[in-house]
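As a plain string of letters, each chain reads:
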Amino acid sequence: MNSGTRVRRHPSSQMKSSHARLKNTHAKRVVMAQSVDESEARYRQLAETTIDVIIVHDLNGNITYINPAGVRLTGYSQSEIMSINISQLLPEDELSAMRERAQKRIEGDTSVYTSQTKLISRDGRLFQVEAQSTLMMEQSKISGVLVVARDISDRYNTQKILWESENRFSRVFHASTISIAISQLKTGQMIDANDSFLHLIGYSREEVIGHTGAELNLWPSSSDRPDTVSQLLVEGTLPATPSRIRSKSGELRDTLSSLELIELGGQQCILAIVQDNTERIRVEKAEYEQRVMAEALCDTAALLNSTLQLDEVLERVLETLARVVPHETASIMLIDQGKARIIRHRGFEKYGVSDKTLKDVYFSVDSSPFLTHIVSTRQPIILDDVTTSLGWQVVKGNEWIRSYIGAPILFEGELLGIINIDSDLIGAFTERHATGLAAFAHQASIAIRNARHATELEQRVTERMAELSLERSRLEAVLDFTGEGLFYTEEQIIRYANPTFCRMMGYSQTELEGQTTALLIGQAPDAEFFKRWERAKPALLEGRVVRWEREFKRKDGTTFHVAQTLSWVGEATEPILLVSLVRDISEEKQLEAQKMRFIANAAHELRNPIMGLGTRLYLLKRQPERLNEHLLMIERVTHRLTRLVDDLLDVARFENGVIQLRPHEITLQGIVQDVIELQQEIALQKSIRLTLDLMPEPLLVMVDSDRILQVLTNLINNAIHYTFEDGLIHIKVFRVKKEGQDYAAVSIADNGVGIAREDLAHIFKPFYRANKVVQGTGLGLSISHEIMLLHKGEITVESEVGKGSLFTIWLPLLPAES
Ligand code: ADP
């Protein structure tokens, strides 16, 4: 704008006339120089009245004339200005140009110079002027330089503002990161586009200006533009709407475009403001995909944890993979000794590839560059076009594949296999897909490892189970057949009871197991029990056994004494795990009681005769005259004592099992006759009749005859004792078959006092006496019972009170002598 060129190119009509006038004036001045006199007055008037500044200076710049307009503009008076140099009116940067021009003129240059420059007024103000300088000639000699200048400050300022604003807009337009393009509404031709827009579409300015969007193939959808235009005509403006623009390279960019109808140079134009959203959408899409992938991975992880079956796990990996990385087919290969084999696959059916075909195929890692790459780098590989990929083996089943990704299945650095996905399109996969696949490969590796561990574990468990079950069956056999009762409790709950214990309690195993120990005692344990437990606990925890006695209640309600031996089998103080060994000690208890009774009874029985002896000895001293009488009594008592002591010794010996029989073969009839002979006299004293019924056939038995004699004596003696005077005792010797065995039997029936039903069960126990009227020890029948048992025989009794008793002894019969 500060160059003369621009003024020449765009001369305003005002300027044009001014120039013409200046030129005119100049011509006239030349003429005037030649004929000053004639027209000087007329030109002077013109110079004096024109609004243009007219200055004349010599070649040294000394001002020789200035017109009134010049005086007004510069602020110098006529006289002042006549003493200054033109250079004082010009700013520093104009001086060199001026000096250059002066030099050229000295050298003969007669050109008319037009320039825009500034004039400095007396008070220092700057005025933009348009000046024309012309050489003034007088008689072919340069007489000075005529400068005609017009103040154009106002116009200059207006244009400057306009220019600056235009410049600013232009800068904004071009520097904007928002893409802006202007096109003609009518033709659709582009008028202007900023750098951002050009960058977006990938064309140069030259390629764009003057062309339509359709020519540039910017609209992926051909209907887009007309629709938009008709809508724009109605609305005048279109708010930002998502659209797509195809760049020069064919790439589709996602944009947000708003359109505005504007008027430029009297033409309707479209101002398009386009925001490139491709990156944002790509990021959003990537984020979305990332999320889908994370969710899918999460799902697979959850699925993987729900099974340890390798096949199932791999199936699930492939299943979820499809959600994240779109593909046609996927497979998992395991690598073994340099060979990769497909063990699981998906999607091949639709290409008519059978499971068998796939499973028969194997790839040698060494001869397959991409497998080697995966194996050696442990990184996924993308093959955009398998047909051009070196070493891609076309085998039956994979002919249709065009692009491929393979990712290694690694576990703790060990390569377990490869996961593959395939597409029938070239370049179907991106880096992102490869990353996704690698993540799935990682999941697969965990699954494979877990499944392998599970298989190993299962095998170990099976082996251990077999061992345990053998151990258990051994233990069970021991527990089941042990004579000891045993049960196992966890926190008072019976978890196991062995058959012996069940028998003891009268419950079945199922009835006991799962019940609390309260069932064993028929009630909740009392405070006493808990005290006992607290005392026992420390010992149990130290690993010692505790033994105590308790009363257990059977299912039928009867109680019995047990000795319970407890041992703690738990590892810690909690839970309380105990094994109890149980022994039924009721018999022991009874025996104990019996022993106590025996001692008490024996002492009692011995005391009476000893006291009797004492009395007789006392009397003997006092009544020496009745010596014989007392001696007889002493003899009787001594005899009774001897018998009593013998009996006591017998009982003790039987109990200790130290009685030795001296058996020999005899006929039973013989012994019976002997006893009756001996007892006849005593019976006669009570006028009791003894009758005998002997079987004629001799009954041979193998017995200790002294002991059998003792039994029979005792039985006949009792019969005499417990039968009133004039009673009857019938003795019978006979043979009988009992449970397939032949017995020789002797029965002794009396018609005496008889024995009450409740006493019958006890009369064979030592010291048991049903009838206290008659003197006796209560030992005879118990001894007889023991003797019969030793002979593998038996003694039985039938009796009724007031009617009499029938005692029978049974002895195994020897076969008759031939
Ligand atoms: P003892 O006769 O010395 O009392 P035993 O052991 O011989 O002791 O007999 C035990 C008990 O059996 C007797 O006390 C008596 O009550 C009863 N008893 C034995 N034999 C008869 C019998 N023949 N008739 C009635 N009671 C008998």
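Residues numbered from 1 in each chain as written. Predicted model: local features only at pLDDT ≥ 70, side-chain atom pairs only at ≥ 80, totals over all residues. Heavy atoms only, no water.

### Some remarks on the site of the ligand
Our working rule: We call a residue near a molecule or strand as soon as one heavy atom of that residue lies within 4 Å of the molecule or strand. Whenever a nitrogen or oxygen atom comes within 3.5 Å of another N or O atom, the pair is scored as a polar contact, on the condition that within protein one atom can donate a hydrogen and the other can accept it, and that pairs from neighbouring residues in sequence are kept only if both atoms are in side chains. All accessibility values rest on the Shrake-Rupley procedure with a 1.4 Å probe; residue burial counts only the protein chains present in the view. Secondary structure elements are defined from DSSP: runs of H or I of at least 4 residues count as helices, runs of E of at least 2 residues count as strands, and each element is numbered from the N terminus. Think of it as three bins: nonpolar holds Ala, Val, Leu, Ile, Met, Phe, Trp, Tyr, Cys and Pro, charged holds Asp, Glu, Lys and Arg, and polar takes everything else, Gly as well.
If you check the shell around the ligand, you find 21 residues, and the closest are Asn718, Arg769, Asn771, Thr777 and Leu781. A distance of 3.3 Å is found between a nitrogen atom of the ligand and a side-chain nitrogen or oxygen belonging to serine 805. Calculation on the ligand without its partners gives an accessible area of 520 Å², and the protein chains cover 96% of this total. Counting only elements with at least two residues in the shell around the ligand, the list comes to helix H23 (705-721), helix H25 (780-790) and strand E28 (804-812). At three residues, H23 tops the list of elements feeding residues into the shell around the ligand. A breakdown of the residues in the shell around the ligand according to their chemical character gives ten nonpolar, nine polar and two charged.

### So, the packing of aromatic side chains
We apply this condition: Aromatic contacts are taken between Phe, Tyr and Trp rings whose centres are within 6.5 Å, Trp giving its six-membered ring; a plane angle under 30 degrees counts as stacked, one over 60 as edge-to-face, and the others as tilted. Burial here depends on accessible area, computed with a 1.4 Å probe over protein chains only, as a share of the maximum for the residue type. Under 20% is buried, over 50% is exposed, and the range in between is partly exposed. Lysine NZ or arginine CZ positioned within 6 Å of the ring centre and within 35 degrees of the ring normal marks a charge as sitting over the ring.
Scanning the entire structure with this criterion turns up twelve aromatic pairs. Residues phenylalanine 348 and tryptophan 400 carry aromatic rings whose centres are separated by 6.3 Å and whose planes lie at 65 degrees to one another, so their mutual orientation is edge-to-face. Taken as a pair, phenylalanine 348 in the loop between strand E12 (339-346) and helix H13 (355-360) and tryptophan 400 in the loop between strand E14 (381-383) and strand E15 (403-411) lie far apart in primary sequence, 52 residues in all. Between tryptophan 533 and tryptophan 568, the ring centres sit 6.5 Å apart and the planes meet at 10 degrees, which makes this aromatic pair stacked. Pair noted here: tryptophan 533 is in helix H19 (residues 527-541) and tryptophan 568 is in strand E20 (residues 559-568), with a separation of 35 residues, a long-range link. Assessed through its relative accessible area of 9%, tryptophan 533 is described here as buried. Here a set of aromatic residues connected by ring pairs shows up, and it is made of Phe487, Phe501, Phe552 and Phe560. Of note, arginine 101 hangs over the ring of tyrosine 113, and the distance from its end group to the ring centre comes to 5.8 Å. The cationic tip of lysine 339 hangs over the ring face of tyrosine 362; the distance from NZ or CZ to the ring centre is 4.8 Å.

### Remarks on the confidence of the model for the protein
Put simply, the rule is: As a per-residue measure, pLDDT tells how confident the predictor is, with possible values from 0 to 100. By definition, residues are in contact when any of their heavy atoms lie within 4.5 Å.
Summary statistics for the protein give a mean pLDDT of 84 and a share of 93% for residues scoring 70 or more. Confidence, read as mean pLDDT per element, is least for helix H1 (residues 4-9) in the protein (39) and greatest for E28 (97). The model gives residues 1-11 a pLDDT under 50, and that stretch makes eight contacts with residues more than four places away or in other chains.

### Side note on the sheet that holds strand E26 (residues 741-750)
What counts is decided by this rule: What makes two strands pair is DSSP finding at least two bridges between them. Only the stretch in contact is used when a helix axis is fitted, and all axes are lines through C-alpha atoms; the angle between N-to-C directions ranges over 0 to 180 degrees.
The strand order across the open sheet built from five strands is E23-E25-E26-E28-E27, with neighbouring strands paired in mixed fashion. On the outer flanks of this sheet lie strand E23 (689-694) and strand E27 (794-800), each paired with one strand and no other. Neighbour-to-neighbour, the strand axes of this sheet turn through a mean angle of 20 degrees, independent of strand direction.

### Looking at the nonpolar core
Put simply, the rule is: In these notes, a set of buried Ala, Val, Leu, Ile, Met, Phe, Trp, Tyr and Cys residues joined through side-chain atoms within 4.5 Å is what counts as a nonpolar core.
If you look at the biggest cluster of nonpolar residues, it comprises 46 residues, and the most contacted ones within it are Leu668, Leu712, Ile731, Val746 and Ile748. By residue number, the principal contributor to this core is H23, which donates seven residues. When residues no more than four places from it in sequence are discounted, the contact partners of isoleucine 731 are Val672, Ile676, Leu690, Thr691, Leu692, Asp693, Ile716, Val746, Ser747 and Ile748. Formed by 26 residues, the second largest nonpolar core is a distinct cluster that contains Met293, Ala296, Ile421 and Ala434.

### Focus: helix H6 (residues 92-106)
Cut-off, in case you're wondering: Multiplying 1.5 Å by the helix residue count minus one yields the expected span of that helix. The arc under discussion is defined with respect to the helix axis, by the directions toward the C-beta atoms.
For H6, which comprises 15 residues, the first-to-last C-alpha distance of 22 Å matches the rise-based estimate of 21 Å (1.5 Å per residue) to within 8%. Of the residues making up H6, those classed as buried are Leu95, Met98, Arg101, Ala102 and Arg105. The buried side chains of H6 occupy one side of the element, clustering within an arc of 130 degrees when seen end-on. H6 presents Asp93, Arg99 and Glu100 as exposed residues on the side facing more than 90 degrees away from its buried surface.

### Focus on the side chain of histidine 327
Along the chain, the position of histidine 327 falls in the loop between helix H12 (310-324) and strand E11 (329-336). Judged by its relative accessible area of 18%, histidine 327 is buried.

### Here we look at unusual backbone geometry
Omega for the peptide link from glutamate 574 to proline 575 comes to -15 degrees, which places this bond in the cis form. For proline 575, the location among the structural elements is in the loop between E20 and strand E21 (577-584). With a phi close to 55 degrees, lysine 792 is a non-glycine residue in the positive phi region. Inspection of the secondary structure puts lysine 792 in the loop between H25 and E27.

### Regarding the pairing of strand E17 (residues 485-490)
The buried count for E17 comes to five of six residues, which makes it a mostly enclosed element. As paired strands, E17 and E21 are joined by six bridges and run antiparallel to one another. Pairing of phenylalanine 487 across the sheet is with serine 580, part of E21. For E17 and strand E18 (residues 493-497), the ladder comprises four bridges, and the chain directions are antiparallel. Looking across to E18, one finds that phenylalanine 487 is bridged to alanine 497.

### Brief notes about the sheet that holds strand E3 (residues 113-120)
Hydrogen bonds between backbone atoms are what pair the strands of a sheet, whose relative direction is either parallel or antiparallel. On the basis of which strands lie adjacent, the open sheet formed by five strands has the order E2-E1-E5-E4-E3 and antiparallel pairing. This sheet does not close on itself; its edge strands, each paired only once, are strand E2 (63-66) and E3. Strand-to-strand twist of the sheet, defined as the mean angle between neighbouring strand axes without regard to direction, takes the value 30 degrees. Relative to strand E5 (residues 141-151), strand E1 (residues 53-57) is paired through five bridges, and the arrangement is antiparallel. Bridge pairing in E5 places isoleucine 55 opposite valine 147.

### Concerning the pattern of salt bridges
Charged atoms that come close allow side chains of opposite charge to pair. Inclusion rule: The term salt bridge refers to a pairing of a side-chain nitrogen on Lys or Arg with a carboxyl oxygen on Asp or Glu at a separation within 4 Å.
Taken as a whole and judged by the stated rule, the model has 31 salt bridges. The salt bridge involving aspartate 355 is made with lysine 359; its shortest N-O contact spans 3.4 Å. Note that aspartate 355 and lysine 359 are positioned in helix H13 at a spacing of four residues, about one turn of the helix. Relative accessible area serves as the criterion here: at 34%, lysine 359 is assigned to the partly exposed category.

### Structural notes on the environment of aspartate 750
Summarising the element assignment, aspartate 750 is placed in strand E26. According to the relative accessible area criterion, aspartate 750 is buried, its value standing at 12%. Sequence separation of aspartate 750 and leucine 690 is 60 residues, and the distance between their C-alpha atoms is 9.4 Å. Those residues in contact with aspartate 750 that lie beyond four places of it in its chain are Ala719, Thr723, Leu728, Ile729, Lys803, Gly804 and Ser805. A polar atom in the side chain of aspartate 750 sits 2.8 Å from the backbone nitrogen of glycine 752.

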